[in-house]
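# Descriptive analysis of the structure
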Amino acid sequence: MEGFEGDSESVLDLSRLNSLDTVSEKRRKDTKQLYLCFNRMTVLPESISLFSNLEFLDISNNTLSVICEDITRLSNLKTLIARNNRLNEFSLPKHFGSLQLEVLNLSGNRFEELPSQCLQLLRLQSLSLGGNTLKSIPAEIESLTRLELLYLGGNQISSIPAELANLPCLSYLVLCDNRIQSVPPQLNRLHSLRSLSLHNNLLTYLPREILSLVHLQELSLRGNPLVVRFIKDMTYDPPSLLELAGRTVKSKNLPYSHKDLPSHLVNYLDMASKCPNPKCAECTSPCSSNPQSDADSDDDNSVPADRIQRVLLG
């Protein structure tokens with residue numbers, strides 16, 4: 001979403017040159033895409049407002065601590081990339097939310113909170129604040145109803161608000177490398193979600209409702225306690241030959257009856273728990289030798305760690 005297509009006259013790259021004030025008036029008006037990366041700027045110059053037709057602005061890899069109010073005069077600005085600076089929640093101008101931004105990237109800065117001005121950007125389709133020190137996601141995130149991508153990886157977020165489920169267009173949600181301990185079941189309302197990255201958090205289970213996300217193509221869970229437990233169990237407690245044979249019978253839908261098998265084997269196959277993998281065509285397999293443990297998990301409406309293997313490896 002951060003790309004821009006245009007003719008050579010509409011693109012102006014002043015990276016490493018620090019010469020914004022030397023640009024002619026005509027060139028400013030013709031410029032739609034402007035790069036000001038690696039210029040050691042501490043403050044965005046006021047002359048930025050003279051680029052009246054600007055649609056794309058990249059001010060990454062500077063030492064910016066403040067973005068001037070003059071940026072709000074760029075009425076055509078659709079994309080703002082400000083990665084790897086020194087920005088925080090006090091760095092944005094008061095009327096920043098009046099911009100018509102569709103893409104905003106503030107990754108690699110010093111934000112501890114998501115600025116309220118960002119929550120006023122109602123046209124926003126892509127929001128990235130990875131590599132900051134965010135502690136939480138405000139419930140007001142639900143106001144960004146056009147959001148398709150939300151990247152908040154590499155922060156200190158401990159919980160996911162249920163209001164996140166009120167983003168009907170959200171397709172890519174990245175919350176990896178945080179401190180998240182649980183996932184709200186309400187996320188099953190994210191019907192457009194295609195990719196969910198939750199690796200390197202503190203998850204011990206997933207709500208069963210997540211498995212109803214029919215468009216979900218990628219689910220990343222590595223580096224969580226539930227995965228560590230599964231790998232440990234698989235290493236030190238491999239399935240028995242009985243369980244492997246039972247899985248084959250159920251996954252292949254092979255017929256069986258008391259005429260073919262002893263009664264205790266028929267009972268074992270009949271008690272097979274349903275596989276939660278949505279790609280398994282509703283097959284069943286004896287995933288646990290303890291039927292009571294599966295019944296307990298139904299009561300608390302969660303997917304325990306020893307069953308999440310279907311999502312990870314299916």
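Residues numbered from 1 in each chain as written. Predicted model: local features only at pLDDT ≥ 70, side-chain atom pairs only at ≥ 80, totals over all residues. Heavy atoms only, no water.

A separate point is helix α3 (residues 241-251). Residues of α3 that are buried: Glu243, Gly246, Arg247 and Lys250. Looking straight down α3, one finds its buried side chains confined to an arc of 100°; they lie on one side. (Buried < 20%, exposed > 50% of the residue type's maximum accessible area, 1.4 Å probe, protein only. Helix = DSSP H or I, 4+ residues; strand = E, 2+ residues; numbered from the N terminus. Arc of directions from axis to C-beta.)

Bringing the side chain of serine 197 into the picture now. Summarising the element assignment, serine 197 is placed in strand β9 (residues 195-197). With relative accessibility at 12%, the residue serine 197 sits in the buried group. In contact with serine 197, not counting residues within four places along its chain, are Leu173, Val174, Leu175, Cys176 and Ser220. (Contact = heavy atoms within 4.5 Å.)

Here we come to the nonpolar core. If you look at the biggest cluster of nonpolar residues, it comprises 67 residues, and the most contacted ones within it are Leu34, Ile48, Leu57, Ile59, Leu104 and Leu127. Excluding residues that lie within four positions of it along the chain, leucine 104 makes contacts with Leu80, Phe96, Cys118, Leu121, Leu124, Ser126, Leu127 and Ser128. (Core = buried A, V, L, I, M, F, W, Y, C linked by side-chain atoms within 4.5 Å.)

Moving on to the packing of aromatic side chains. Taken as a whole and assessed by the stated rule, the structure comprises 1 aromatic pair. In this structure, arginine 16 packs its charged tip against the face of phenylalanine 38, placed 4.2 Å from the ring centre. (Phe/Tyr/Trp six-rings, centres within 6.5 Å; stacked < 30°, edge-to-face > 60°. Lys NZ or Arg CZ within 6 Å of the ring centre and 35° of its normal.)

Taken as a whole, this structure holds 3 salt bridges when the rule is applied. In this structure, the salt-bridge partner of lysine 29 is glutamate 25, at a minimum N-O distance of 3.7 Å. Pair noted here: lysine 29 and glutamate 25 are both in helix α1 (residues 25-30), with a separation of 4 residues, about one helical turn. Arginine 73 is paired through a salt bridge with aspartate 70; the nearest N and O atoms lie 3.8 Å apart. We classify arginine 73 as exposed; its relative accessible area is 57%. (Salt bridge = Lys/Arg side-chain N within 4 Å of Asp/Glu carboxyl O.)

This paragraph deals with the sheet that holds strand β5 (residues 103-105). Strand order in the open sheet formed by 10 strands is β1-β2-β3-β4-β5-β6-β7-β8-β9-β11, and the pairing between neighbours is parallel. The open sheet is flanked by β1 (11-13) and β11 (218-220), the only strands paired with a single partner. Direction aside, the axes of adjacent strands within the sheet are offset by 5° on average. With 3 bridges connecting them, strand β8 (residues 172-174) and β9 associate as parallel partners. The partner of valine 174 across the bridge, within β9, is serine 197. (Pairing = 2+ DSSP bridges. Axes fitted to C-alpha atoms, helices over the stretch in contact; angles between N-to-C directions.)

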